[in-house]
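What follows is the residue order along each chain.
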Amino acid sequence: MSTISVIGSGFSGLSASALLASKGNSVTVYEKNDTIGGRARTMLENGFLFDMGPSWYWMPDVFERYYNLFDHTASDFYELKKLDPGFRVIFGVGDHIDVPEDFDQLCSLFESIEKGSAVSLKKFIKQAEYKYKVGMSDMVYLPGHSIKEFMSFALLKDAINIQLFSSFKNHVRSYFKNPRLIALIEFPVLFLGAMPKDTPALYSLMNYAGLKQGTFYPMGGFGKVVDAFKKIAIDSGVMFKTSENIEQFDLQNGSISHIRSNGIRIETDAVIASADYHHIEKELLPKEYRTYDDRYWDKKTFAPSSLIYYLGVNKKVDKLIHHNLFFDENIEEHAEEIYKSKKWPTKPLFYVCCPSKTDPDVAPDGSENLFLLMPISIGLSDDEETRERYFNIMMDRLCKYVGEDIRPNIVYKKSYSVSNFVSDYNAYKGNAYGLANTLRQTAILKPKMKSKKVQNLFFAGQLTVPGPGVPPSIISGQIAATELMKHFKSKR
Ligand SMILES: Cc1cc2nc3c(=O)[nH]c(=O)nc-3n(C[C@H](O)[C@H](O)[C@H](O)COP(=O)(O)OP(=O)(O)OC[C@H]3O[C@@H](n4cnc5c(N)ncnc54)[C@H](O)[C@@H]3O)c2cc1C
């Protein structure tokens, strides 16, 4: 039996740990915070249950595939509700598009906005479905060590067919002309990744997920999903140690022999590092054992950081639905300010989640649970005054849209931004979602899952393959666990 240390209890760490324990290894997860779940932690304040991170449950098949490995299904742990409408895109007061759950209705809606776009949408989604089926099947579970993995004819042909090498922006514009429809299609890559022009057309698979499969909500919130992963891990034999900030690795003959927490040395046969890659290499490894230097990380395109407000409101806000995207300003300008000029946005887009519309358990009776999120560049300074200024910008537009001033009804308010991501998660420059999936940072071009210099060190999480988001993080944990098991086999 091998002793494995998993650093970090986000979805990638949870997923890797249970798999490794189920194969008979002795696995301990070390988490610096006092609760499990990483960026998907929850916070209970004054009767409001806030999901601190993810709120969009897309790609339910990825969760299901994981549960099935342990003879489980999602409904063993929570009720999964399909939202209808899936989400709302707001262009101004009284001016919005509700994305219906039913695809035929969505096609009619497109047609009413741009003549001929129903046919275009069907073609676009058909191709996106093909990409999803190819990209999210065996290909997404490849570790991305080398191009050789894609060298089978079928896979290489697929890589070309699914447009791994062409731009998402051009792809979308070859189907649609109307700026609103383009904004609706482009928002997932923009919020989770990079400029559409720098993103491979492959990622229209996200549109298949969001527009055809639908937007789901686990009743009780994302915390229920974390609880499910934790239960599976515990049932598989994983031990959890919280409030354990791993500070250092001790090496012998090119392998980690011990990890250190609070000055105590803990013996280990191997490590899965599911915390941010940069932090692990820079803070825990001696220089000669690091694969990537500061210049490497500086050149990388990170997904955005965020300014978040968690709000408890002691009245109902009728004009909101569960997911509301405020796209009432110029999307390109905001994207430029996130990814290119890297400054606080002039006229930001933002997102408002109101899970109490679906789930009575996340707010006291007659109240609303609100989560405001504005994507921003990583590395910004985020003093209280700046946060408050943007709070007022978002609230002005939100209140105007809902037609009432809800500020006097706010009974709980907490902000969260760049510096919190750094202090809570050791996140590189306060990134929220890891490394963006750009043309130059996909598959084999991501940081490697197996350390090039330390034999028994494997990485997982949103800075590795396949990328940002809960489903990819789950997959990355599965890949890291498989690679580690292969490593043990090769040593026998
Ligand atoms: C605000 C926000 C909204 C999001 N919305 C969505 C969404 O709607 N849908 C979606 O699919 N995805 C969403 N995401 C992305 C998704 O939440 C993440 O991609 C995923 O949860 C990351 O999991 P992970 O395991 O890679 O990392 P993490 O969850 O960050 O886990 C890493 C863990 O390592 C711990 N750690 C760090 N350093 C150490 C150390 N030295 N010792 C011990 N422990 C350490 C950290 O505390 C953390 O718990 C969102 C993320 C954020 C932040």
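Residues numbered from 1 in each chain as written. Predicted model: local features only at pLDDT ≥ 70, side-chain atom pairs only at ≥ 80, totals over all residues.

Engineer: Just checking my understanding: could you explain unusual backbone geometry for this structure?
Structural biologist: Peptide bonds are, in most cases, trans, and in most cases residues other than glycine have a negative phi. Going from aspartate 84 to proline 85, the amide bond is cis rather than trans, its omega being 0 degrees. Note that proline 85 resides in the loop between strand S5 (80-82) and strand S6 (87-92). A cis amide bond links valine 465 to the next residue, proline 466, at an omega of -5 degrees. Locating proline 466 in the fold gives a position in the loop between strand S19 (457-459) and helix H15 (470-491). At methionine 59, a residue that is not glycine, the phi angle is positive and equals roughly 60 degrees. Tracing the sequence through the fold places methionine 59 in the loop between strand S4 (48-51) and helix H2 (60-69). (Helix = DSSP H or I, 4+ residues; strand = E, 2+ residues; numbered from the N terminus.)

Engineer: I'm lost on the site of the ligand in this one. Help?
Structural biologist: Taken together, the neighbourhood of the ligand is formed by 37 residues, with Gly8, Gly10, Gly38, Ala275 and Gly461 sitting nearest. At the level of secondary structure, the elements contributing two or more residues to the shell around the ligand comprise helix H1 (11-22), strand S14 (305-313) and H15. The dominant element in the shell around the ligand, judged by the number of residues it contributes, is H1, at three residues. For the shell around the ligand, a count of residues per class yields 15 nonpolar, 19 polar and three charged. (Near = placed C-beta within 6 Å. Nonpolar A, V, L, I, M, F, W, Y, C, P; charged D, E, K, R; others polar.)

Engineer: Which parts of the structure should I look at to understand the sheet that holds strand S10 (residues 246-252)?
Structural biologist: The antiparallel open sheet is built from three strands, whose spatial order is S10-S11-S12. Sheet topology places S10 and strand S12 (264-267) at the edges, where each strand pairs with a single neighbour. Ignoring which end each strand starts from, the neighbouring axes of this sheet average 35 degrees apart. In terms of strand pairing, S10 meets strand S11 (residues 255-261) through six bridges, oriented antiparallel. When the sheet's bridge partners are listed, leucine 251 is paired in S11 with isoleucine 256. (Pairing = 2+ DSSP bridges. Axes fitted to C-alpha atoms, helices over the stretch in contact; angles between N-to-C directions.)

Engineer: Sorry, what's going on with helix H14 (residues 418-425) here?
Structural biologist: Residues that lie three or four places apart on an α-helix share one face, since the helix turns once every 3.6 residues. Where H14 is concerned, the buried positions are Val418, Phe421, Val422 and Tyr425. Along the axis of H14, the buried residues cluster in a sector spanning 110 degrees; they form a single face. Tucked inside the fold, the buried residues of H14 contact S14. Following H14 by one or two positions, asparagine 426 adopts a phi angle in the positive range, close to 55 degrees. (Buried ≥ 20, exposed ≤ 12 C-beta atoms within 10 Å, placed from the backbone. Arc of directions from axis to C-beta. Contact = placed C-beta atoms within 7 Å.)

Engineer: I tried to follow the sheet that holds strand S1 (residues 3-7) on my own but got confused; where do I start?
Structural biologist: Strand pairing in a sheet relies on backbone hydrogen bonds. The paired strands run either parallel or antiparallel. The five strands are arranged S9-S2-S1-S13-S19 in an open sheet whose pairing can be described as parallel. This sheet does not close on itself; its edge strands, each paired only once, are strand S9 (239-241) and S19. Geometrically, the sheet is characterised by an average inter-axis angle of 20 degrees between neighbouring strands, direction not taken into account. Pairing geometry for strand S2 (residues 26-30) and S9, over three bridges, is parallel. When the bridges of S9 are listed, valine 29 appears paired with phenylalanine 240. Here H15 sits on the sheet in contact with strand S13 (270-273) and S19, set at roughly 160 degrees to S19.

Engineer: Is there a simple way to think about the environment of alanine 16 in this case?
Structural biologist: Among the structural elements, alanine 16 can be located in helix H1. Using a count of 32 C-beta atoms within 10 Å as the deciding quantity, one classes alanine 16 as buried. The sequence separation of alanine 16 and serine 137 amounts to 121 residues, and the corresponding C-alpha distance is 18 Å. Once residues lying within four places of it in the same chain are set aside, the contact partners of alanine 16 are Val6, Ile272, Ser274, Ala460, Gly477, Ala480 and Ala481.

Engineer: Explain the domain arrangement of the chain to me, please; I cannot follow it from the model alone.
Structural biologist: The assigned domain composition of the chain is domain 1 (3-41 + 222-300 + 437-491) and domain 2 (103-207). Between domain 1 and domain 2, the C-alpha centre-to-centre distance is 30 Å. At the junction of the two partners, domain 1 supplies 18 residues and domain 2 supplies 16 residues. Residues that form the side of domain 1 that touches domain 2 fall into these classes: nine nonpolar, five polar and four charged. (Domains from an automatic or database assignment.)

Engineer: Is there a simple way to explain the nonpolar core in this structure?
Structural biologist: The tendency in soluble globular proteins is for nonpolar side chains to be buried side by side. Core analysis: the largest hydrophobic core is formed by 144 residues, its most contacted members being Leu205, Ile272, Val352 and Ala480. Two domains each provide a minimum of three residues to this core, namely domain 1 (3-41 + 222-300 + 437-491) and domain 2 (103-207). Not counting the four nearest positions on each side in its chain, leucine 205 is found in contact with Ala128, Lys131, Tyr132, Gly135 and Met136. (Core = buried A, V, L, I, M, F, W, Y, C linked by C-beta atoms within 7 Å.)

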